[in-house]
Amino acid sequence: DVKVTQSSRYLVKRTGEKVFLECVQDMDHENMFWYRQDPGLGLRLIYFSYDVKMKEKGDIPEGYSVSREKKERFSLILESASTNQTSMYLCASSLTSGGLAGANVLTFGAGSRLTVL
Amino acid sequence: QKEVEQNSGPLSVPEGAIASLNCTYSDRGSQSFFWYRQYSGKSPELIMSIYSNGDKEDGRFTAQLNKASQYVSLLIRDSQPSDSATYLCAVKGGSYIPTFGRGTSLIVHP
């Protein structure tokens, strides 16, 4: 019954490494989001995508990039990992941004906990 | 800047009591309002959504919305230890992006 799948649950990387976090949804959702969550800071939006190959910056895009080549897959890329990117990363999707309010509900993946040494 | 404010807590209530979680928002154009529950180490999951003024009940949960006061709340009746979690309020207007509050930690003690 898993609907949003994040490829890695735990990752440990070294400073300067390139990191890929993959997210796949099987609900044919239009919108996909990448958040990071840190204690006391809540959910902070990194990037979101409202269509294939379309992306918009969120609140904290610096140091990150994204790719959405297919509707079901949204990847987060850390070009050169740094220790301050140690965090829990959450992917989410929603059916659409308009229409019925139920279509705006976010479904989250299980999260990817990244540690950068 | 759209803001959603929640008391971080922790809110501690005894088992069987009513837990009241509150949320205020700044954007008067907000249209959709959500409560997510997040257990420690897990991802958020939707509990309730509400779109019009008034109350919406679902089992032990009641969401209350007052757009004039820009206020949304979640009541949990007959609180159980299994309700202990962080509750995130999310508000959405006409854009793609919901705005989340930082969450309120709820502890239900036996």
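Residue indices begin from 1 for each chain and proceed along its sequence in written order. Just so you know, chain letters begin at A and ligand numbers begin at 1, following the order they were written in. The predicted nature of this model means local features are confined to residues of pLDDT at least 70 and side-chain atom pairs, given and counted, to a pLDDT of 80 or more, with totals for whole chains, interfaces and linings taken over all residues. The side-chain numbers reported here are obtained from all heavy atoms of the structure, hydrogens and water having been left aside.

1. Things to note about the overall build of chain A
Within chain A, the regular secondary structure consists of zero helices and eleven strands. For 117 residues, the compact-globule formula gives about 13 Å, and the C-alpha radius of gyration of chain A, at 14 Å, lands near that figure. C-alpha atoms of chain A, sized along the principal axes, occupy 45 × 30 × 30 Å. For chain A, with 117 residues in total, the buried portion stands at 50%. In what follows, a contact means two residues having at least one pair of non-hydrogen atoms within 4.5 Å. Here the analysis covers contacts within chain A between residues at least 6 apart in sequence; of these, 56% occur between residues at least 24 apart. Total accessible area computed for chain A in this model is approximately 5,600 Å², and 51% of it derives from carbon and sulfur atoms. Secondary structure elements follow DSSP: runs of H or I of four or more residues count as helices, runs of E of two or more count as strands, with numbering from the N terminus. All radius of gyration figures rest on C-alpha atoms, and the globule criterion is 2.2 Å times the number of residues raised to 0.38. Accessible area is worked out with a 1.4 Å probe on protein chains only. A residue is then buried under 20% of its type maximum, exposed over 50%, and partly exposed in between. For the accessible areas, the method is Shrake-Rupley and the probe is 1.4 Å, while residue cover comes only from the protein chains on display.

2. A word on the state of the cysteines
Cysteine sulfur atoms are paired as a disulfide whenever they come within 2.5 Å of each other. Enumeration according to the criterion identifies two disulfides over all chains in this entry. One disulfide bridge connects Cys 23 of chain A with Cys 91 of chain A, the sulfur atoms lying 1.9 Å from each other. Judged by the sign of its S-S torsion, about -75°, the cystine formed by Cys 23 of chain A and Cys 91 of chain A is left-handed. Here the residue Cys 23 of chain A occupies a position in strand S3 (residues 19-25), and Cys 91 of chain A occupies one in strand S9 (residues 87-94), the gap between them amounting to 68 residues. Comparing Cys 23 of chain A with Cys 91 of chain A shows no difference in burial state: the two are buried. Across the disulfide from Cys 23 of chain B sits Cys 89 of chain B; the S-S distance is 2.1 Å. With the S-S dihedral at roughly -75°, the linkage between Cys 23 of chain B and Cys 89 of chain B falls on the left-handed side. Separated by 66 residues along the polypeptide, Cys 23 of chain B in strand S3 (residues 19-25) and Cys 89 of chain B in strand S9 (residues 85-92) bring together distant segments of the chain.

3. Some details on the interface of chain A and chain B
The partner chain B presents 17 residues to the 22 residues of chain A that form the contact. Buried area, as used here, totals the accessible surface that two parts lose on assembly, with accessibility defined by a 1.4 Å probe and the loss added over both. Across the chain A/chain B interface, buried area totals approximately 1,700 Å², and carbon plus sulfur atoms make up 64% of it. What makes a salt bridge here is a side-chain nitrogen of Lys or Arg within 4 Å of a carboxyl oxygen of Asp or Glu, nothing more. Linking chain A to chain B there are zero salt bridges. Between N or O atoms, a polar contact is any pair within 3.5 Å; within protein, one atom must be a potential hydrogen donor and the other a potential acceptor, and residues adjacent in sequence are included only when both atoms are from side chains. The interface formed by chain A and chain B contains five residue pairs in polar contact (both at pLDDT 80 or more).

4. Quick word on the pairing of strand S11 (residues 104-109) of chain B
Residues and elements named next belong to chain B. Burial along S11 is one-sided: Thr 104, Leu 106 and Val 108 are buried, while Ser 105, Ile 107 and His 109, pointing the other way, are not. Here the rule is simple: two strands pair whenever DSSP picks up at least two bridges between them. In the sheet, strand S2 (residues 11-14) pairs with S11 via four bridges, with the strands oriented parallel. Counted as the bridge partner of Ser 12 is Ile 107 from S11. Bridge analysis of S9 against S11 gives three bridges, and the strand direction is antiparallel. Pairing of Thr 86 across the sheet is with Ser 105, part of S11.

5. Some details on the sheet that holds strand S1 (residues 4-5) of chain B
Residues and elements named next belong to chain B. The five strands lie next to each other as S1-S3-S8-S7-S6, forming an open sheet whose pairing is antiparallel. Every interior strand has two partners, whereas the edge strands, S1 and strand S6 (54-58), have only one. Alignment of S1 against S3, held across two bridges, turns out to be antiparallel. Bridging from a neighbouring strand, Glu 5 pairs with Thr 24 of S3.

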